[in-house]
Amino acid sequence: MQDVALALLAKEPSHGYDLRRRLVAALGPLGETLNAGQVYVTLTRLEKAGLVVQEREDAPVRGPRRKVYALTAAGQERVAAWMAEGAGARADVTEFHLKLVAAAESGLADPLALVDARRRELIRSLAEAQHAALAHDTNSEAGLLLEGIALRLQADLRWLEACERTWSARAPRGKGGGKG
Amino acid sequence: MSRDSRRIRGRSQRRGTDDSPLAGPSSRQPGEASGPVLRAVGLSRAYGQDESLVRAVDGVDLDVPAGQALAVTGPSGCGKSTLLQLLGGLDRPTDGEVWLGGRRMDHLGERALARLRRRAIGFVFQSFHLMDELTAAENVELPALLAGASPRTARNRAAGLLDRVGLADRARHLPSELSGGQRQRVAIARALVNEPLVVLADEPTGNLDSAATHDILRLFDELRAAGQTLVMVTHDERVAATADRVVSLRDGTLADDTRLDGGGTTRLGSLLNWEG
């Protein structure tokens, strides 16, 4: 959550209400469980850690005043590190999805490059799982576990195909309108 | 005679002194300084023209070194089967070059191309393509006979290969008496009978259940260990992950090229959630 909030702030300084709106847009029904309080708590923690700073206060015509947060230099460093780090084979779908959204919004990374890097990571893990599976009897306990791991990695790889299609249709460098 | 055709002849001479299919192509080691076994340069295949022009394969450059198992993946319609057909001389490129064993093959005449295909390339297809009226052994022998082997040599090689793929006891069965996985193993034995420079496989496990898929992948692993160069097209990530290298095709162009070293378990270890 902290990393995602930071990455969304990398695009432009923003207030908690707006951050929540963007998160909900990216998360769909999963975002409905996200309440405004969680976003404000996260922002307060990030401020204490010196990663964001309150830039100004907006006073809308109606409604309460809103604190507008911006990244500090340390915050920018952390976002860049988060974008660059591999997600690891265990990473869940939502985190990677938010990373793509944040990468595209902030312009800090090319979503397609992230997809490519993740695909390599997953296929290498799958290679290990498959080689181990071939060395074990399918009906053994080890073989059963390896089957489960391989199926999960395969599902992740198939989802990446969908990520690639969607983000390449949006990206400026993308070859949208493929012939496939 | 060119240096390249001597290379191929050199192989057949070696074959003459060594009748055993079990010996395998062990003289070809990965890293051998003889250049790639298979090479594509700017390879393209387009269909139709003007408005309806479809570039099924669009400027592919690819080197497959000796002993490598290469998987070509991508969504359906990405051009991967067309690429395999071009690499195997089953289709002609509209542009670019294909080299096999140092010899350019895309502009050979039909007869020379058919001859090269028969001697130097083994094909494995999704739907096996066995001759229904021939036994397993006869199916395996046939390409050897067509390539000029004596009936005795063909018979010996077929028997050895069927043993190698675990079907020695099914040699006299017709394809209709075999399971899908067994039929594909016969097809693989057939692909190997002329000790090809490269085996090209198009969705080799596409019609098989998961147990038979495992058998086929194990067999490919053994072939690779024996130094056989292998190119397979697959949409199945699990099949691709057993290769040494995976290239992804998108809209007829190479989008990614990843080398795998599947032997380890470090990544698997990180999947475990030990919190003690």
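Refer to the preceding data block for the structure.
The shown structure was predicted, so the numbers you read here are calculated from the model rather than taken from an experiment.

K.L.:
I tried to follow the overall build of chain A on my own but got confused; where do I start?
P.N.:
Secondary structure assignment for chain A yields 7 helices and 3 strands. Along chain A, helices and strands appear, N-terminal first, in the series α-β-α-α-β-β-α-α-α-α. Relative to its full complement of 180 residues, chain A shows a buried share of 44%. Partitioning the contacts of chain A with sequence separation of at least 6, the portion at a separation of at least 24 is 57%. A total accessible area of about 9400 Å² is found for chain A, and carbon and sulfur atoms account for 53% of it.

K.L.:
Got a minute to help me understand the sheet that holds strand β1 (residues 38–47) of chain B in this structure?
P.N.:
Across a sheet, paired strands are connected by hydrogen bonds in the backbone, their directions being either parallel or antiparallel. Residues and elements named next belong to chain B. The strand order across the open sheet formed by 4 strands is β2-β1-β4-β5, and the pairing between neighbours is antiparallel. Two strands close off the open sheet at either side, each with one partner strand: β2 (54–64) and β5 (103–104). Pairing geometry for β1 and β2, over 8 bridges, is antiparallel. Bridging from a neighbouring strand, Leu38 pairs with Val64 of β2. Of the strands in this sheet, β1, β2 and β4 (95–100) are in contact with helix α2 (residues 80–87), which crosses β1 at around 120°.

K.L.:
Whenever I open this one, the nonpolar core confuses me. Can you help?
P.N.:
Proteins that are soluble and globular tend to have nonpolar side chains buried together. Grouped together as the largest cluster of nonpolar side chains are 91 residues, with contacts concentrated most on Met83(A), Val140(B), Leu162(B), Val186(B), Ile188(B) and Phe220(B). Both domains that meet at this core, namely domain 1 (2–84) and domain 2 (110–170) of chain A, each give it at least three residues. If we skip the residues at most four places from it in the chain, Met83(A) touches Ala7(A), Lys99(A), Ala102(A), Ala103(A), Ser106(A), Leu108(A), Ala109(A) and Leu114(A). Core analysis: the next-biggest nonpolar cluster, separate from the first, contains 32 residues, Val37(B), Leu43(B), Ala66(B) and Val72(B) among them.

K.L.:
I'm lost on the packing of aromatic side chains in this one. Help?
P.N.:
Each aromatic ring pair is specified by the distance between its two centres and by the angle formed by the two planes. Residues and elements named next belong to chain A. Counted by the stated rule, this structure contains 2 aromatic pairs over all chains. Seen in terms of ring centroids, Phe96 and Trp159 are 6.2 Å apart; in terms of plane orientation they differ by 75°. Their pairing is edge-to-face. Of the two residues, Phe96 sits in helix α5 (residues 93–106) while Trp159 sits in helix α7 (residues 141–170), which places them 63 residues apart along the sequence. Look at Phe96 and you get buried, because its relative accessible area is 5%. For Trp159, a relative accessible area of 27% puts it in the partly exposed group.

K.L.:
I'm lost on the packing of helix α4 (residues 136–146) of chain B against helix α6 (residues 180–192) of chain B in this one. Help?
P.N.:
Think of two packed helices as two axes; the pair is described by the angle between the axes and how far apart they sit. Residue and element names in this part refer to chain B. Two elements in contact, α4 and α6, have axes whose closest approach is 7 Å; the angle formed by their N-to-C orientations is 25°. Considering their axes alone, α4 and α6 lie roughly parallel with respect to each other. Note on packing geometry: the crossing formed by α4 with α6 is right-handed. Residues Ala136, Asn139, Val140 and Pro143 of α4 form the contact with α6, whose own contacting residues are Val186, Ala189 and Arg190. Looking at the contact of α4 with α6 residue by residue, the classes come out as 5 nonpolar, 1 polar and 1 charged.

K.L.:
For this particular structure, what's the right way to read the interface of chain A and chain B?
P.N.:
Reports of interface size often rely on the accessible area that becomes lost once the parts have come together. Contacts between the two partners involve 34 residues from chain A, matched on the other side by 35 residues from chain B. The tally of links from chain A across to chain B stands at 5 salt bridges. The shortest N-O distance in the salt bridge between Arg120(A) and Asp256(B) comes to 2.9 Å. Our count for the contact surface shared by chain A and chain B stands at 11 residue pairs in polar contact (both at pLDDT 80 or more). Elements that contribute at least two residues to the side of chain A that touches chain B include exactly α6 (111–134) and α7 of chain A. Of the residues forming the side of chain A that touches chain B, the biggest block, 15 residues, is contributed by α6(A). Of the residues that constitute the side of chain A that touches chain B, the class distribution is 13 nonpolar, 8 polar and 13 charged.

K.L.:
Please explain the pairing of strand β8 (residues 229–233) of chain B as it appears in this structure.
P.N.:
The side chains of a regular strand alternate between both faces of the sheet. Residues and elements named next belong to chain B. A large share of β8 lies buried, amounting to 5 of its 5 residues. The side-chain alternation of β8 yields two buried faces, one formed by Thr229, Val231 and Val233 and the other by Leu230 and Met232. Strand direction decides the pairing type here: strand β3 (residues 69–73) and β8, joined by 4 bridges, are parallel. By the bridge assignment, Leu70 is partnered in β8 with Val231. Pairing between strand β7 (residues 198–202) and β8: 5 bridges, direction parallel.

K.L.:
Teacher, can you tell me more about the sheet that holds strand β10 (residues 253–259) of chain B here?
P.N.:
Residues and elements named next belong to chain B. With respect to topology, 6 strands assemble into an open sheet ordered β6-β7-β8-β3-β9-β10, the strand pairing being mixed. The strands lining the two open edges of the sheet, one partner per strand, are β6 (121–124) and β10. Ignoring strand direction, the axes of neighbouring strands in this sheet form an average angle of 20°. Sheet topology places strand β9 (residues 245–250) next to β10; 6 bridges connect them, and they run antiparallel. Bridging across to β10, Ser248 finds its partner in Asp256.

Calculation rules
- Residues numbered from 1 in each chain as written.
- Chains lettered and ligands numbered in written order.
- Predicted model: local features only at pLDDT ≥ 70, side-chain atom pairs only at ≥ 80, totals over all residues.
- Heavy atoms only, no water.
- Helix = DSSP H or I, 4+ residues; strand = E, 2+ residues; numbered from the N terminus.
- Buried < 20%, exposed > 50% of the residue type's maximum accessible area, 1.4 Å probe, protein only.
- Contact = heavy atoms within 4.5 Å.
- Areas by Shrake-Rupley, 256 points an atom, 1.4 Å probe, with all protein chains shown as cover.
- Pairing = 2+ DSSP bridges.
- Axes fitted to C-alpha atoms, helices over the stretch in contact; angles between N-to-C directions.
- Core = buried A, V, L, I, M, F, W, Y, C linked by side-chain atoms within 4.5 Å.
- Domains from an automatic or database assignment.
- Phe/Tyr/Trp six-rings, centres within 6.5 Å; stacked < 30°, edge-to-face > 60°.
- Parallel < 35°, antiparallel > 145°, perpendicular 65-115°, else oblique.
- Left-handed = near helix turned anticlockwise from the far one by under 90°.
- Nonpolar A, V, L, I, M, F, W, Y, C, P; charged D, E, K, R; others polar.
- Salt bridge = Lys/Arg side-chain N within 4 Å of Asp/Glu carboxyl O.
- Polar contact = N/O pair within 3.5 Å; in protein donor to acceptor, adjacent residues only side chain to side chain.

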